[in-house]
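# Structural overview
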Amino acid sequence: MADTKREIERKYESDDSGLPDLTGVTGVDAVVDKGVAHLDATYYDTADERLAASAITLRRRTGGADAGWHLKFPVAPGVRDEIHAPLSDSLPRSLAGLVRSRVRDAELLPVVRLQSDRDIRDLVDAGGRLLAEVSVDAVRAERLTGDGGVAQWTELEVELADGGDPTFLDKVDKRLRKAGVRPSGSASKLARALAETAPRKTGGKGGKAGKSGKKAGGQQRPKSPETAGDHVLAYLREQRDALVELDPAVRQDGYDSVHRMRVATRRMRSAFRSYAKVLDRTVTDPIGEELKWLAGELGVDRDQEVLTERLTAALTELPRTLVHGPVRTRLRSWMHARHSGSRRRLIGVLDSRRYLALLDGVDALISDPPLLQAAAGSPEKVIVKAVRKDYGKLAGLVEQALAAECGSDRDLALHEARKKAKRTRYSAEAAIASLGEPATALAKSMKSLQNLLGVHQDSVMTRQTLRELSAVAHAAGENVFTYGLLYGREEARAAAAEAELPGAWREVTGGMRV
């Protein structure tokens, strides 16, 4: 079983003078000597250092109070989420899955060994409560691949206590700077070890990028967008990165992670279709189909989340006198059964060969894009034409929906209009970097329209679920009054959204400036 904690720390350069006096820091009542710990950590990565390229660290460490496996993901400068698993000889599956989107089929190898003598001090307040842990680390780094370089240094580390106020670190920082201590030039021990033990390249100036313009992991640094193709590829690259980065959060059931990952698949697929004059669809269509598959699998869990939130809120709004029968119990049972099954299925999808092949395919497309002649054209011309085409199709669908008879035909027409509003929004988002404010305004108005149509579609789906739940309850001999009441309220919400649509659409057409 793995445990997760938020790690907030700052690192500083240090020499042999040891730890400056910190008793003068506001809020610190005492500096408690906790002794010296010997830490021995082996860091793992792929041969081309894919984890390091994403500032992710994976290590097996002995010594100290938290021996075991540690996986750290960057959150912000000086802030990382650390996932801890018990000490074992091999990498726990719980951690292996969290790096699979980056590692793929590559082998995780020992790349660096860090041995540290850590002189630890606790900063505590007048009540003895831990504020932060300060340590002076004498580090010896040994590269375990290639020429096996060695480096040594001493650094000072200040880690905020769990649940502590991050502003306390500012107070410590002020005191350390006054004592002549300066922040470290490296974000982590691993980053410094990789840099200082790297083989020296003859005739080149150090650093991972060198003159090739490549980052660690072999990925080419993207140039500043100039052509229409550059802008479309930059947008696709953002969505690819989102897919990879959200994978661990989805596996851990992070809040809204499934929704955001699903949106990334839709944005990429929409870009393929909207910008078919830029990228060859004979190449992008097969990838688009796989993205559609992934979005569908993600949708099983996401749709469950939406329905759960909506039904729970609706039931909570009802007076107790209108809740007849074990409605809440049946709803909870339905939620748990559906969620448990969809979670297992989703993890299986993320572990599948098909999913990893999709990620590889997207990488290959971005590194060697199937550009067409229009890709070399002006963004203002090529991208504007694509956005206007999407907008024109949306206009036709909205008019068709407004003219449809109430009932299933209108429900279907509004759903199709919603999907086209999303596509128009995404094509406008891809145009923001080149078109600026007009594209931003269009994306914003499309989002508002999409949300309005989403309210209607959520009502359609909720009513379908209520019919299913009421049928099961009726078969069990339960009172189904409350299900009918909730159904009627959902009908009213859908009708209100339909009534609002003509005015919302006039506002969109009046503000169209792309």
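Each chain carries its own residue numbering, running from 1 in the written order of its sequence. The predicted origin of the model limits local features to residues at a pLDDT of at least 70 and limits the giving and counting of side-chain atom pairs to 80 or more, whereas totals for whole chains, interfaces and linings rest on all residues. Note that the side-chain values use all heavy atoms of the structure and ignore hydrogens as well as water.

## Looking at the overall build of the chain
The helix count covers DSSP runs of H or I at least four residues long, the strand count covers runs of E at least two residues long, and both are numbered beginning at the N terminus. Looking only at helices and strands, the chain has 14 helices and 8 strands in total. Taken along its principal axes, the extent of the C-alpha atoms in the chain is 80 × 65 × 45 Å. Think of it in three bands: with a 1.4 Å probe and only protein chains considered, a residue is buried below 20% of the maximum accessible area for its type, exposed above 50%, and partly exposed in between. Scored against the burial criterion, the 514 residues of the chain give a buried share of 45%. Contact criterion: two residues are considered in contact whenever any of their non-hydrogen atoms come within 4.5 Å of each other. Considering only contacts within the chain whose residues lie at least 6 apart along the sequence, 72% involve residues at least 24 apart. Only the protein chains shown count as cover for residues, and all accessible areas are computed by the Shrake-Rupley method using a 1.4 Å probe. Carbon together with sulfur atoms contributes 51% to the accessible area of the chain, which is approximately 25,300 Å² in total. Of the charged side chains in the chain, 82 are positive and 74 negative, and the gap between their average positions amounts to 4 Å. His is not counted, nor are the chain ends, whereas Lys and Arg count as positive and Asp and Glu as negative. For charged residues, the charge sits on one atom: NZ in Lys, CZ in Arg, CG in Asp, CD in Glu.

## Topic: the pairing of strand S6 (residues 109-124)
At least two bridges found by DSSP between two strands are what make those strands a pair. Two elements, strand S2 (residues 30-45) and S6, share 15 bridges in a ladder whose sense is antiparallel. Counterpart to valine 32 in the pairing with S6 is aspartate 122. Looking at chain direction, S6 and strand S7 (residues 130-143) are connected through 13 bridges and run antiparallel. Paired with leucine 123 across the bridge in S7 is alanine 132. Here S6 folds back onto S7, and the loop between the two strands holds 5 residues, one of which, glycine 128, carries a positive phi near 85°.

## Remarks on helix H7 (residues 257-274)
In an α-helix there are 3.6 residues to a turn, and that puts residues three or four apart on one side. To estimate the expected span of a helix, subtract one from its residue number and multiply by 1.5 Å. Here H7 is 18 residues long and its end C-alpha atoms lie 25 Å apart, about the 26 Å a rise of 1.5 Å per residue gives. Of the positions making up H7, those classed as buried are Ser257, Val258, Met261, Arg262, Val263, Ala264, Thr265, Met268, Ser270, Ala271, Phe272 and Ser274.

## Things to note about the packing of aromatic side chains
In this analysis, rings of Phe, Tyr and Trp, with Trp reduced to its six-membered ring, are considered paired at centre separations within 6.5 Å, and the interplanar angle assigns stacked below 30 degrees, edge-to-face beyond 60, and tilted for intermediate values. Inspection of every chain in the model, using the stated rule, returns 2 aromatic pairs. Two conditions define a charge sitting above a ring: the NZ of Lys or the CZ of Arg must be within 6 Å of the ring centre, and it must be within 35 degrees of the ring normal. The aromatic ring of tryptophan 293 is capped on one face by arginine 354, whose charged end is 4.2 Å from the ring centroid.

## Thoughts on the packing of helix H11 (residues 379-403) against helix H13 (residues 437-475)
Lines fitted to the C-alpha atoms define the axes, with helices restricted to the stretch that makes contact. Angles between their N-to-C directions range from 0 to 180 degrees. Interhelical geometry of H11 versus H13 gives an angle of 25° and a closest axis separation of 13 Å. The pairing of H11 with H13 is recorded here as roughly parallel in orientation. In this structure, the crossing between H11 and H13 has a hand that is left-handed. Residues Val387, Tyr391 and Leu394 of H11 lie in contact with H13, whose contacting residues are Leu442, Met446 and Leu449. Residue polarity follows a fixed list, in which Ala, Val, Leu, Ile, Met, Phe, Trp, Tyr, Cys and Pro are nonpolar, Asp, Glu, Lys and Arg are charged, and the others, Gly among them, are polar. For the contact of H11 with H13, the class distribution of residues is 6 nonpolar, no polar and no charged. Each angle receives one of four descriptions, namely roughly parallel if under 35 degrees, roughly antiparallel if over 145, roughly perpendicular if within 65 to 115, and oblique otherwise. Here is the rule for handedness: rotate from the far helix to the near one, and if that takes an anticlockwise turn smaller than a right angle the crossing is left-handed, while a clockwise turn gives right-handed.

## Overview of unusual backbone geometry
The phi torsion at alanine 55 lies on the positive side, around 60°, for a residue other than glycine. Secondary-structure assignment places alanine 55 in the loop between helix H1 (50-53) and strand S3 (57-62). By relative accessible area, which is 42% here, alanine 55 ends up partly exposed. At aspartate 256, a residue that is not glycine, the phi angle is positive and equals roughly 65°. For aspartate 256, the location among the structural elements is in the loop between helix H6 (228-251) and H7. Assessed through its relative accessible area of 22%, aspartate 256 is described here as partly exposed.

## A short note on the confidence of the model for the chain
Per-residue pLDDT for the chain has a mean of 91; in total, 94% of the residues score no lower than 70. Along the chain, pLDDT gives the predictor's confidence residue by residue, from 0 to 100. Predicted confidence is poor over residues 204-218, with pLDDT under 50, and the contacts of this stretch with residues over four places away or in other chains come to 18 contacts.

## What to know about a positive patch on the surface
Residues enter patches when their relative accessible area tops 30% and they take part in no salt bridge; the joining distance is 9 Å for like charges and 5 Å for the nonpolar side chains Val, Leu, Ile, Met, Phe, Trp and Tyr. Every case where a carboxyl oxygen of Asp or Glu lies within 4 Å of a side-chain nitrogen of Lys or Arg is listed as a salt bridge. The grouping of Arg273, Lys277, Lys292, Lys381, Lys385, Lys389 and Lys393 at the surface amounts to a positive patch. With 4 residues, H11 is the largest single contributor of residues to the positive patch. Within the element layout of this structure, lysine 277 appears in the loop between H7 and helix H8 (281-317). The exposure class of lysine 277 is exposed, given its relative accessible area of 60%.

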